[in-house]
Amino acid sequence: MNCIIIEDEIPAQSILKHFIDKVPNLNLIDTFKAAIEANSFFNSNTVDVVFLDINLPDISGLDFIKTIKNPPAIIMTTAYPDYAVSSFELDTIVDYLVKPFSFDRFLKAINKTKDRIETPKNNTEGKDGESIFLNVDKTLHKINLNAILYIESDRNYITVVTETQKLSYIDSLKNWTAKLPENQFKQVHKSFIVNSKFVDKISGNTLFIKDNKIPIGRTYKQELLKQLKII
């Protein structure tokens, strides 16, 4: 995995470089002291992983992520644990490291990131297929797309729900929209995609699928009603 470091503290840079050198599948491309310095890099380059400090000159790491088009996997570094909670609101952030962090904690973040990056490669079929394979806890689970009731997002985790199982792993709803047939699956809330063929009823801003209550976001309701056959 190709990576870069965006960190203004030299000691923290040195620790990250040392840890990266110890991991065979990590390749450090460049190091930047400020997010603004890395901005031009992203205009013409791509990487798999970014080690990003939250507190940076000019613009914070969290704000900088929002400016990157198709951001890579992000591992945040911070001296303030309180920031870690808010950082997970961004889907692209895989993990956070609270300074000072040990090599084993660093390696845990790398393994989590590797799983996130490799998951799409293990999805052997997409929109045109009837099934998809999910890499959950190092096991490939075959899921029939037509059997999916709904998909729920909770921060940086996705739960795929069928009548017989629930599978949770690191991913985002954004990634799932590319895998699902548009005429069958609809996003009804910032945290939910539903299989429209399983919708039993809608009451106000609540949707029911086999006794599961799913909220409907105001901005999604009109499109949902267009898709459903209402007479």
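Above this text is the structure in question.
Keep in mind that what you see is a predicted model, and the values were worked out from it rather than measured. (Residues numbered from 1 in each chain as written. Predicted model: local features only at pLDDT ≥ 70, side-chain atom pairs only at ≥ 80, totals over all residues. Heavy atoms only, no water.)

For this particular structure, what's the right way to read the sheet that holds strand 9 (residues 157–162)?
Strand pairing in a sheet relies on backbone hydrogen bonds, with the paired strands running either antiparallel or parallel. Pairing is antiparallel in the open sheet, where five strands are placed in the order 10-9-8-12-11. The sheet is open, and its two edges are formed by strand 10 (166–170) and strand 11 (185–189), each paired on a single side. Sheet twist, expressed as the average angle between the axes of neighbouring strands with direction ignored, equals 20°. Pairing geometry for strand 8 (residues 148–154) and strand 12 (residues 192–195), over three bridges, is antiparallel. (Pairing = 2+ DSSP bridges. Helix = DSSP H or I, 4+ residues; strand = E, 2+ residues; numbered from the N terminus. Axes fitted to C-alpha atoms, helices over the stretch in contact; angles between N-to-C directions.)

Can you help me understand the environment of Phe-185 in this one?
When you line up the elements, Phe-185 lands in strand 11. For Phe-185, a relative accessible area of 6% puts it in the buried group. Distance in space between the C-alpha atoms of Phe-185 and Leu-224 is 9.7 Å, their sequence separation being 39 residues. (Buried < 20%, exposed > 50% of the residue type's maximum accessible area, 1.4 Å probe, protein only.)

What is the right way to look at helix 1 (residues 10–21) in this model?
An α-helical segment advances 3.6 residues per turn. Residues three or four places apart therefore align on the same side. Compared with the 16 Å implied by 1.5 Å per residue over 12 residues, the 16 Å span of helix 1 between its first and last C-alpha is a close match. Of all the residues in helix 1, the buried ones are Ala-12, Gln-13, Leu-16, Phe-19 and Ile-20. The buried side chains of helix 1 occupy one side of the element, clustering within an arc of 135° when seen end-on. Helix 1 presents Pro-11 and Asp-21 as exposed residues on the side facing more than 90 degrees away from its buried surface. (Expected span 1.5 Å × (residues − 1). Arc of directions from axis to C-beta.)

Explanation requested: the packing of aromatic side chains in the structure shown.
To describe a pair of aromatic rings, you give the distance between the ring centres and the angle between the ring planes. Under the counting rule described, the total for this entry stands at nine aromatic pairs. Residues Phe-42 and Phe-64 carry aromatic rings whose centres are separated by 6.1 Å and whose planes lie at 55° to one another, so their mutual orientation is tilted. Separated by 22 residues along the polypeptide, Phe-42 in helix 2 (residues 35–44) and Phe-64 in helix 3 (residues 61–65) bring together distant segments of the chain. Each member of the pair Phe-42 and Phe-64 is classed as buried. Members of the aromatic cluster, joined through ring pairs, are Phe-19, Phe-51, Phe-101, Phe-103 and Phe-106. Cation over ring: Lys-201 sits above Phe-208, and NZ or CZ is 4.8 Å from the ring centre. (Phe/Tyr/Trp six-rings, centres within 6.5 Å; stacked < 30°, edge-to-face > 60°. Lys NZ or Arg CZ within 6 Å of the ring centre and 35° of its normal.)

What am I meant to see in the pattern of salt bridges here?
Per the stated rule, a full pass over the model turns up eight salt bridges. Across the pair Asp-95 and Arg-105 runs a salt bridge whose closest N-O atoms are separated by 2.9 Å. On the criterion of sequence distance, the pair formed by Asp-95 in strand 5 (residues 93–98) and Arg-105 in helix 5 (residues 103–122) is long-range, its members being 10 residues apart. According to the relative accessible area criterion, Arg-105 is partly exposed, its value standing at 25%. As a salt-bridge pair, Asp-95 and Lys-112 come within 3.6 Å of each other at their nearest N and O atoms. In this pair, Asp-95 is assigned in strand 5 and Lys-112 in helix 5, connecting sequence segments 17 residues apart. Looking at Asp-95, the relative accessible area reads 1%, which means it is buried. Each of Glu-7, Glu-9, Asp-53 and Lys-99 takes part in one network of salt bridges that share partners. (Salt bridge = Lys/Arg side-chain N within 4 Å of Asp/Glu carboxyl O.)

Everything listed here is a matter of coordinates, which is why it stays silent on function.
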